[in-house]
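If you want the building blocks of each chain, they are given just below.
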Amino acid sequence: MTVHIIPLADRIEFVRELAELHHSEWGHFNPSFTLDMRAEAIEKAARREGIPSVFIAVKEGELIGSAALIELDMKTRPDLYPWLAAVYVKEKFRHQGIASALIARCETEAAQSGVTQWYLFTESAADLYRKLGWQHFEQCDYKGATVDIMVKDISPGC
């Protein structure tokens, strides 16, 4: 069956489930951020285009992953803009190219929004991002975790 990459705004009923997945995966970065707060932030970012926007992968009516294009993902780095964030694929669907497809959709949206360079941070997926053309920008401690900040040039012709 086909995986569809669509704006979360088209399937807003998935906001709560997505918030639960993200909360489980990244809640340690901000323990005071409640599940309700996360759901509200996701819903606010769930636009069909531009920055911010959230895209989801759906297969046979099931939410299987997400990725977002947002203004700011690290409050300690407000000088970097915009960010790829919330790249998540349910475990049983991993290693099938779904994360790459979600990232590509966000990259297309970033380019259509006039972005020429964008950023992300990761604790453990730097190898995946390198395969997709991202480069190491810096390593730092962020909220108690060592993370890699990565950058990608998406200027026309790159």
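Quick note: structure is the one above.
Below is a summary of the structure that appears in this document.

What counts, and at which threshold
Residues numbered from 1 in each chain as written. Predicted model: local features only at pLDDT ≥ 70, side-chain atom pairs only at ≥ 80, totals over all residues. Heavy atoms only, no water. Helix = DSSP H or I, 4+ residues; strand = E, 2+ residues; numbered from the N terminus. Rg over C-alpha atoms; globule rule 2.2 N^0.38 Å. Buried < 20%, exposed > 50% of the residue type's maximum accessible area, 1.4 Å probe, protein only. Contact = heavy atoms within 4.5 Å. Areas by Shrake-Rupley, 256 points an atom, 1.4 Å probe, with all protein chains shown as cover. Lys, Arg positive; Asp, Glu negative; His and termini not counted. Charge placed at Lys NZ, Arg CZ, Asp CG, Glu CD. Polar contact = N/O pair within 3.5 Å; in protein donor to acceptor, adjacent residues only side chain to side chain. Arc of directions from axis to C-beta. Salt bridge = Lys/Arg side-chain N within 4 Å of Asp/Glu carboxyl O. 1 Å grid on protein atoms, 1.4 Å probe; cavity = no way out; pocket = protein on both sides within 12 Å on 5 of 7 lines; lining within 4 Å. Points joined across faces, edges and corners; volume = space filled by probe spheres on them. Nonpolar A, V, L, I, M, F, W, Y, C, P; charged D, E, K, R; others polar.

1. Things to note about the overall build of the protein
Okay, step 1: Secondary structure summary: the protein contains 4 helices and 7 strands in total.
Okay, step 2: Reading the helices (α) and strands (β) of the protein from amino to carboxyl end gives β-α-α-β-β-β-α-β-α-β-β.
Okay, step 3: Whereas a compact globule of 158 residues would reach a radius of gyration of roughly 15 Å, the protein reaches 15 Å, a difference of no more than 12%.
Okay, step 4: Across its three principal axes, the protein shows a C-alpha extent of roughly 40 × 40 × 30 Å.
Okay, step 5: Relative to its full complement of 158 residues, the protein shows a buried share of 46%.
Okay, step 6: Put simply, 59% of the contacts in the protein that link residues at least 6 apart link residues at least 24 apart.
Okay, step 7: Summing over all exposed atoms, the protein offers an accessible surface of approximately 8,400 Å²; the carbon and sulfur share of this is 48%.
Okay, step 8: The centroid of the 17 positive side-chain charges in the protein is displaced by 2 Å from the centroid of its 23 negative side-chain charges.

2. Digging into the side chain of Thr122
Okay, step 1: As for its placement among the helices and strands, Thr122 is situated in strand S5 (residues 117-122).
Okay, step 2: In this structure the side chain of Thr122 is engaged in a polar contact, spanning 2.8 Å, whose partner is the backbone nitrogen of Ala125.
Okay, step 3: With residues near it in sequence (within four places) discarded, Thr122 still touches Tyr129, Val147, Asp148 and Met150.

3. Brief notes about the environment of Val115
Okay, step 1: Within the fold, Val115 resides in the loop between helix H3 (98-112) and S5.
Okay, step 2: Measuring from C-alpha to C-alpha, the distance between Val115 and Pro82 comes to 7.8 Å, with 33 residues separating the pair along the chain.

4. With respect to helix H2 (residues 35-45)
Okay, step 1: The set of residues buried in H2 consists of Arg38, Ala39, Ile42 and Ala45. Taken end-on, H2 shows its buried residues confined to a sector of 130°, consistent with a single buried face. Facing away from the buried side of H2 by more than 90 degrees, the exposed set consists of Glu40 and Lys44.
Okay, step 2: In this fold, the buried residues of H2 make contact with helix H1 (15-26) and strand S2 (53-59).

5. As for the pattern of salt bridges
Okay, step 1: Tallied over the entire structure, the rule returns 11 salt bridges.
Okay, step 2: When the shortest N-O distance is used, the salt bridge between Asp79 and Arg77 registers 2.7 Å.
Okay, step 3: For Arg77, a relative accessible area of 15% corresponds to the buried category.
Okay, step 4: Salt bridges sharing partners connect three or more residues here, namely Arg16, Glu20 and Asp36.

6. Here we look at the layout of surface pockets
Okay, step 1: Here the largest pocket is characterised by a volume of approximately 1,700 Å³.
Okay, step 2: Looking at the largest pocket, it is lined by 49 residues, and the ones nearest its centre are Trp26, Asp73, Ala85, Ala86 and Val87.
Okay, step 3: Only H1, H2, strand S3 (62-70), strand S4 (83-89), H3, S5 and helix H4 (126-131) provide two or more residues apiece to the lining of the largest pocket.
Okay, step 4: Tallying contributions element by element places H2 first for the lining of the largest pocket, with 7 residues.
Okay, step 5: Across the lining of the largest pocket, the residue classes tally to 29 nonpolar, 8 polar and 12 charged.

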